[in-house]
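Take a look at the letters that make up each chain.
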Amino acid sequence: MDLLHKIERYNRTAAKGAQLFAQTVLHAQRPAAPHDEHAGLQLLYETLNLLEAENEEAGALAEWGNRLWVPRAVYEQELRPEIMPAKNLGLVHLQAEEFPGEVYEAVWRNPLEYVEEKTPYALGRFLVFSKLRQSRISGTYRGRDRQLERNVIVRALSPHLSAKLAQEEALRELALTAIRNVAKLEAPGIAVIYDMGFHEDIFFYAREYLEGQTLEQVSRRGGERREFTLVESVKLILRLCRILSVAHRQGVTHGNLKPENIWLFPNEELKLTDFYVPGFSERPEPAAFMSFANWRYTAPELFQGLTPNAQSDVYALGVMLYELVGGALPSPPISSLLEWQEYDLPPISELHLDMPAGFSETLARACAKNPNRRFSTLQACENALRLFA
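The present account deals with the structure reproduced in this document. Given the structure is predicted, the values throughout are model-derived calculations rather than measurements. (Residues numbered from 1 in each chain as written. Predicted model: local features only at pLDDT ≥ 70, side-chain atom pairs only at ≥ 80, totals over all residues. Heavy atoms only, no water.)

**Considerations on the pattern of salt bridges**
The criterion, for reference: For salt bridges, the criterion is a side-chain nitrogen of Lys or Arg within 4 Å of an Asp or Glu carboxyl oxygen. In DSSP terms, a helix is any run of H or I states spanning at least four residues, a strand is any run of E spanning at least two, and both are numbered starting from the N terminus. Relative accessible area decides the class of each residue, using a 1.4 Å probe on protein chains only: under 20% of the type maximum gives buried, over 50% gives exposed, and in between gives partly exposed.
Under the defined criterion, the tally for this structure stands at 10 salt bridges. Residue Arg133 pairs with Glu260 through a salt bridge whose shortest N-O separation is 3.5 Å. Remark: Glu260 occurs in the loop between helix H7 (230-249) and strand E11 (262-264) and Arg133 occurs in strand E5 (residues 126-134); sequence separation between them is 127 residues. Using a relative accessible area of 36% as the deciding quantity, one classes Arg133 as partly exposed. Note that Glu208 is salt-bridged to Lys271, the shortest N-O span being 2.8 Å. You can see Glu208 sitting in strand E9 (residues 202-208) and its partner Lys271 sitting in strand E12 (residues 270-272), a full 63 residues away along the chain. Like Glu208, the residue Lys271 is buried in the burial classification. Through salt bridges that share partners, Arg133, Arg207, Glu260 and Asp274 make up one connected network.

Written as structure tokens, this is what we have:
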């Protein structure tokens, strides 16, 4: 492993003409039933994942994933090519004077990137067969519980971050505790968590599959943003407050509230999904340019690395209420998340002159950027909003 680390570090800093590279791409997958003869493959797979995690922290991600360059002798004598799954397998002879010999190139890939109905991927007792959302951090997939024969939603951490989670006990306990705490919540408005664990070096958890529509889908039906009435909007937020209060009373905050995690059903039932789990969310870089649309429900203090709490849930509810009543959030002239943190939404009464007395001030307090000006508890926010329902 030390040798492979050295090869990777050399290529990060070497001049373009002096890098060790080849056109042969290996698609490394850990075997279903490892044996001693697979030791080389396991070493390569684990090293690729750990290096990818290192690059994630350093912000030095390559466009096509992490790469390792393996000398021909090492590959053929130690990694055992007859058991190494590969694409375009064949030795490449490079015409570069600086190149010391022939090599194979191994490129990191996430096996869940390729799932579909005809080529599902097994995670324990769950069969993953459809990708719903995926990032470099984690993915959300549609799957099937093979034992209980029911549909599920699977959230899986990318293999390289799963490897990091397996090595770092403190981070692993944070993730496991967060999932356990949500699983313990007994409320009809919270999606049930069925299972969690590691399988073939991928950390995942499975939750209830829902057949309704998300608030995001309902509010953007037909490509046009639907504008809710004030009473409709407030009643919706109050229902969310009642669901969240069950979690808050047990010391659990959502931490990831947004319209795509709120499910609506014809009988006016609501369900919340995808609570914040450490390790599963992308880390915002306040000084960098990032679309504020992706973070508009995230309380500013969370950009500083603070843990989600009741006030961060209040902020998300406030921004959603503003968006429901106003039809959309203003598009501020900002170039970074740092500027978005400091941008105060204009009073809703400036956009809609027919707002009842006191509503604009209440809404401003719910989505205040400064926590000291925001409602301190969900109950305080709920009590203030009841006046407008």
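Read on for the rest.
**Regarding the pairing of strand E6 (residues 138-145)**
The criterion, for reference: Each pair of strands is called paired provided DSSP finds at least two bridges between the two strands.
Within E6, six of the eight residues are buried, which leaves the element mostly enclosed by the surrounding structure. Relative to E6, E5 runs antiparallel, the two being bridged by seven bridges. Each residue of the ladder has a partner; that of Phe126, found in E6, is Asp145. The hairpin formed by E5 and E6 contains three residues between the paired strands. Bridge count for E6 against strand E7 (residues 150-157) is eight bridges, and the pairing is antiparallel. Considered in E7, the bridge of Ser138 is made with Leu157. Counting the residues between successive antiparallel strands, the hairpin from E6 to E7 contains four residues, one of them, Glu149, with a positive phi of roughly 55 degrees.

**Focus: the packing of H7 against helix H8 (residues 310-326)**
The line we're drawing: Angles shown run from 0 to 180 degrees and are taken between the N-to-C directions of axes, each axis being a line fitted to C-alpha atoms and, for helices, limited to the stretch in contact. Roughly parallel refers to an angle under 35 degrees, roughly antiparallel to one over 145, roughly perpendicular to one between 65 and 115, and oblique to any angle outside these ranges. Note: crossing handedness is left-handed where the near helix turns anticlockwise from the far helix by less than a right angle, and right-handed where it turns clockwise. Any pair of residues with heavy atoms lying within 4.5 Å of one another is described as a contacting pair. Nonpolar residues are Ala, Val, Leu, Ile, Met, Phe, Trp, Tyr, Cys and Pro. Charged residues are Asp, Glu, Lys and Arg, and all others, Gly as well, are polar.
Interaxial distance between H7 and H8 falls to 10 Å at its minimum, and their mutual angle equals 165 degrees. With respect to their mutual orientation, H7 and H8 come out roughly antiparallel. Once H7 is placed against H8, the crossing between them reads as right-handed. For the pair H7 and H8, contact is made by Leu230, Ser233, Val234, Leu236, Ile237, Leu240, Cys241, Leu244 and His248 and by Ala310, Asp313, Leu317, Met320, Leu321, Leu324 and Val325, respectively. When its residues are assigned to classes, the contact of H7 with H8 shows 13 nonpolar, two polar and one charged.

**Considering the sheet that holds E12**
Strand order across the open sheet formed by three strands is E10-E11-E12, with antiparallel pairing between neighbours. Both edges of this open sheet fall to strand E10 (213-214) and E12, since each of them pairs with a single strand only. Pairing geometry for E10 and E11, over two bridges, is antiparallel. Opposite Gln213, over in E11, you have Leu264 as the bridge partner. Against the sheet, H7 makes contact with E11 and E12, and its axis sits at roughly 55 degrees relative to E12, the strand it touches most.

**Quick word on the nonpolar core**
Worth spelling out the cut-off: Definition used in this section: a nonpolar core is a set of buried Ala, Val, Leu, Ile, Met, Phe, Trp, Tyr and Cys residues joined via side-chain atoms within 4.5 Å.
Residues Ile237, Leu317 and Phe359 are the most contacted members of the largest nonpolar core, which totals 68 residues. Element by element, the count of residues in this core is highest for H7, at 11 residues. Excluding residues that lie within four positions of it along the chain, Leu317 makes contacts with Ile237, Leu240, Cys241, Leu244, Leu257 and Leu378. One finds Tyr121, Val128, Ala156 and Ala206 within the second-largest nonpolar core, a separate group that totals 13 residues.

**A word on unusual backbone geometry**
Its identity is not glycine, yet Glu149 carries a phi of approximately 55 degrees, on the positive side. A relative accessible area of 59% places Glu149 in the exposed class. In this structure, Asp274 is a non-glycine residue whose phi angle is positive, near 55 degrees. Within the fold, Asp274 resides in the loop between E12 and H8.

By themselves, these observations are geometric and do not establish any function.
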